[in-house]
Amino acid sequence: MQNYRKLTIESVRQGLLEGRFSARELAQEALRTCEAGNGDSGVFLSFTPGRALAAADRVDARIAAGRDIGPLGGVPLAVKDVIMTEGERTTCASRALENFVAPYSATAVQRVEEAGAVIVGKTNCDEFAMGSSNENSAFFPVRNPADPERVPGGSSGGSAAAVAGGCTPISLGSDTGGSIRQPASFCGAVGIMPTYGRVSRYGLVAFASSLDHIGPFSRTVRDSAALLGTIAGADPFDSTAANASVPDYAADLSADVAGLKIGIPPEYFADGLDPAVGERIEAGIGRLERLGCRTRKISLPHTRYAIASYYLICTAEASSNLARYDGVRYSKRSERSGTLSDMYRNSRAESFGPEVTRRIILGTYVLSAGYYDAYYRKAQEVRALIARDFSEAFAEVDAIITPVSPFPAFKLGEKTSDPLQMYLSDIYTITGSLAGIAGMSVPCGRSPEGLPIGMQILTNHFREQTMLNLGHAFELDGGFES
Ligand code: GLN
């Protein structure tokens, strides 16, 4: 099939409706493409051919009956392996859940399948979504499609690489502190963290519940708009999914961006930013100005406390969420168990890799009696200040532009021995996560070595439309590579 690796939702639709290929042929091509490169790329942890072909046949039957195929009809889609897919393995890239088969589907999965999408497989990620490079997968790392010596970012590295590397036009990932935006930036895809509460997390395996989001990856902003519109909205199974109505993002995508006010926070352009990244983002801001946006300096003064606050809150929540993997109802049970406490200890020791273990220990410590006020409570107070910085900024501007990551994709192994260096990868993304606002990475050119660089567009709660309009205008203005 010609141009398989460049398909979008729209080109799939055209091809199907014009009879150039059937949904079954497309699904077979998708499975072939994804499986063929996987030994090297490590993008997928499992494939779902039965599910894919059954979904494709439903789309073909609708075409034959002259019925509408749905907004994602026939489109191959990959799902991060922390999102439940009924009847398929959902491992969270952890030994703890190596053979776990999901008993139900996440709401987001159910919605994309109802919209006609064809799920071809589950993507690799950092164990329980903890990491920034995908090297914390218990199984194997993912390689960046732009340079196989480099990481794809994390934790949704597989979902980002699937889209950027030509496996599937769209995918689903999760973002707790940057896990969609940062790998999108490293691989050269569009990736969105929606507003907290915009998309149901029912069926997303919990890491840090006050920060977890499900969101889309795609090759174009239009496709992310369509995928976000499909998965967003209230859900009786998730009380944190907001009741707010969902706009038709794709329909309003071309609204004029001239006159929009854009804030530039100097805190995001300070020490530690790779000059090549700074240069590309400055150039991107220049392009937005030429499109008629008005830029001004704003201040987000509590930014420098964000990493400390995030790594206290997310570890605290992780230690509590991961308590359920004790070998009794969830996760594998150790064979070497004499007593009950041996069973707990051995099951957990055999299940979790070093990063997950580190976070459980840290999180348990910061929640423990005597330390709660000094660490966890303080972190929550700082979080409130960071959120206030943003609400003050959004009283004056419609969107904020920053880099996504201080540097482009780094080499495999380069940061594994230094967790603090790894945590610094998230410096520009976790502030938005802590504030619960919307954020997106759009490709913004390449570094001198040819590595993709992403520009972050942040907007206030439930203002995804403005974010998408800006991203779309940016994309149309000369494409993502200039
Ligand atoms: N890299 C961050 C972390 O390790 C973010 C992870 C995520 O967003 N799931 O926690």
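Residues numbered from 1 in each chain as written. Predicted model: local features only at pLDDT ≥ 70, side-chain atom pairs only at ≥ 80, totals over all residues. Heavy atoms only, no water.

(A) How the structure looks around the overall build of the protein. Regarding its fold elements, the protein presents 15 helices and 11 strands. The dimensions of the protein, computed from C-alpha atoms along their principal axes, are 65 × 55 × 45 Å. Carbon together with sulfur atoms contributes 51% to the accessible area of the protein, which is approximately 18100 Å² in total. Looking at charge distribution, the protein has the averaged site of its 47 positive side-chain charges lying 2 Å from that of its 54 negative ones. (Helix = DSSP H or I, 4+ residues; strand = E, 2+ residues; numbered from the N terminus. Areas by Shrake-Rupley, 256 points an atom, 1.4 Å probe, with all protein chains shown as cover. Lys, Arg positive; Asp, Glu negative; His and termini not counted. Charge placed at Lys NZ, Arg CZ, Asp CG, Glu CD.)

(B) Up close: the layout of surface pockets. Considering only enclosed or pocket space, the largest pocket measures out at about 380 Å³ in volume. Lining the largest pocket are 18 residues, with Y104, L204, V205, A206 and R324 sitting closest to its centre. (1 Å grid on protein atoms, 1.4 Å probe; cavity = no way out; pocket = protein on both sides within 12 Å on 5 of 7 lines; lining within 4 Å. Points joined across faces, edges and corners; volume = space filled by probe spheres on them.)

(C) Seen up close, the nonpolar core. Grouped together as the largest cluster of nonpolar side chains are 134 residues, with contacts concentrated most on F128 and F390. Ranked by the residues each element gives to this core, the list is headed by helix 9 (residues 306–321), at nine residues. Once residues lying within four places of it in the same chain are set aside, the contact partners of F390 are Y268, L300, I400, T431, G432, A435, I437 and L458. Counting six residues, the second largest nonpolar core, distinct from the first, contains F186, F407, F410 and M422. (Core = buried A, V, L, I, M, F, W, Y, C linked by side-chain atoms within 4.5 Å. Buried < 20%, exposed > 50% of the residue type's maximum accessible area, 1.4 Å probe, protein only. Contact = heavy atoms within 4.5 Å.)

(D) Representation of the site of the ligand. The immediate surroundings of the ligand are formed by 15 residues, with T176, G177, S179, Y310 and R359 found nearest. Between the ligand and G178, the relevant distance is 3.3 Å, taken from an oxygen atom to a main-chain nitrogen or oxygen of the residue. The separation between an oxygen atom of the ligand and a polar side-chain atom of Y310 is 2.7 Å. Relative to its unbound accessible area of 290 Å², the ligand is 100% covered by the protein chains. Of all the cavities here, the one that holds the ligand is the largest cavity. Residues belonging to the shell around the ligand are distributed by class as follows: five nonpolar, seven polar and three charged. (Near = heavy atom within 4 Å. Polar contact = N/O pair within 3.5 Å; in protein donor to acceptor, adjacent residues only side chain to side chain. Sits in = over half its atoms within 2 Å of the grid points. Nonpolar A, V, L, I, M, F, W, Y, C, P; charged D, E, K, R; others polar.)

(E) The pattern of salt bridges, seen in detail. In the structure shown here, the tally under the stated rule is 20 salt bridges. Residue E98 pairs with R95 through a salt bridge whose shortest N-O separation is 3.1 Å. Here E98 falls in the partly exposed class, since its relative accessible area comes to 25%. One salt bridge in this structure joins R388 and E392, with 3.8 Å as the shortest N-O distance. With R388 and E392 both in helix 12 (residues 373–394) and four residues apart, this pair spans about one turn of that helix. With a relative accessible area of 45%, R388 lands in the partly exposed category. Each of R51, E88 and E113 takes part in one network of salt bridges that share partners. (Salt bridge = Lys/Arg side-chain N within 4 Å of Asp/Glu carboxyl O.)

(F) Spatial organisation of the pairing of strand 2 (residues 76–80). Burial runs high along strand 2: five of the five residues are buried. Going residue by residue along strand 2, you find P76, A78 and K80 tucked away on one face and L77 and V79 tucked away on the opposite face as well. Pairing between strand 2 and strand 3 (residues 118–123): five bridges, direction parallel. Paired with A78 across the strands is G121, a residue of strand 3. Considered for its hand, the β-α-β crossover made up of strand 2, helix 4 (residues 107–114) and strand 3 is right-handed. Two strands pair when backbone bridges link them, and strand 2 and strand 4 (residues 170–175) are joined in this way by three bridges, in the parallel orientation. (Pairing = 2+ DSSP bridges. Right-handed = clockwise from strand over helix to strand, strands pointing away.)

(G) Expanded view of the side chain of R51. Looking at the element boundaries, R51 is found in helix 3 (residues 49–64). Side chain to side chain, R51 and E113 meet in a polar contact 2.8 Å long. When neighbours within four sequence positions are excluded, R51 is seen to be in contact with T85, E86, E88, S105, V109, E113 and I119.

(H) Structural view of the sheet that holds strand 1 (residues 44–47). With mixed pairing, 11 strands are arranged side by side in an open sheet as 1-3-2-4-6-5-10-11-9-7-8. The outermost strands of the open sheet, each flanked by one partner alone, are strand 1 and strand 8 (294–297). Mean inter-strand twist for the sheet, computed between neighbouring axes without regard to direction, equals 30°. As paired strands, strand 7 (residues 261–264) and strand 9 (residues 399–403) are joined by two bridges and run parallel to one another. Bridge pairing in strand 9 links G263 to I400. Lying over the sheet, helix 2 (residues 23–41) contacts strand 1, strand 2 and strand 3, oriented at roughly 140° with respect to strand 1. Relative to the sheet, helix 7 (residues 221–231) contacts strand 2, strand 4, strand 5 (190–193), strand 6 (213–218) and strand 10 (438–446), its axis offset from that of strand 6 by approximately 150°. (Axes fitted to C-alpha atoms, helices over the stretch in contact; angles between N-to-C directions.)

(I) Here's a closer look at the packing of aromatic side chains. Applying the stated criterion across every chain, the model contains 17 aromatic pairs. Taking 5.0 Å as the distance between ring centres and 50° as the angle between the ring planes, the aromatic pair formed by F128 and Y325 counts as tilted. One end of the pair, F128, is in the loop between strand 3 and helix 5 (157–164); the other, Y325, is in the loop between helix 9 and helix 10 (340–351), and 197 residues separate them in sequence. Using a relative accessible area of 2% as the deciding quantity, one classes F128 as buried. For Y325, a relative accessible area of 3% puts it in the buried group. A centroid spacing of 6.4 Å and a plane angle of 85° characterise the contact between Y325 and F352, whose relative ring orientation is edge-to-face. (Phe/Tyr/Trp six-rings, centres within 6.5 Å; stacked < 30°, edge-to-face > 60°.)

Distances and angles like these do not, on their own, reveal function.
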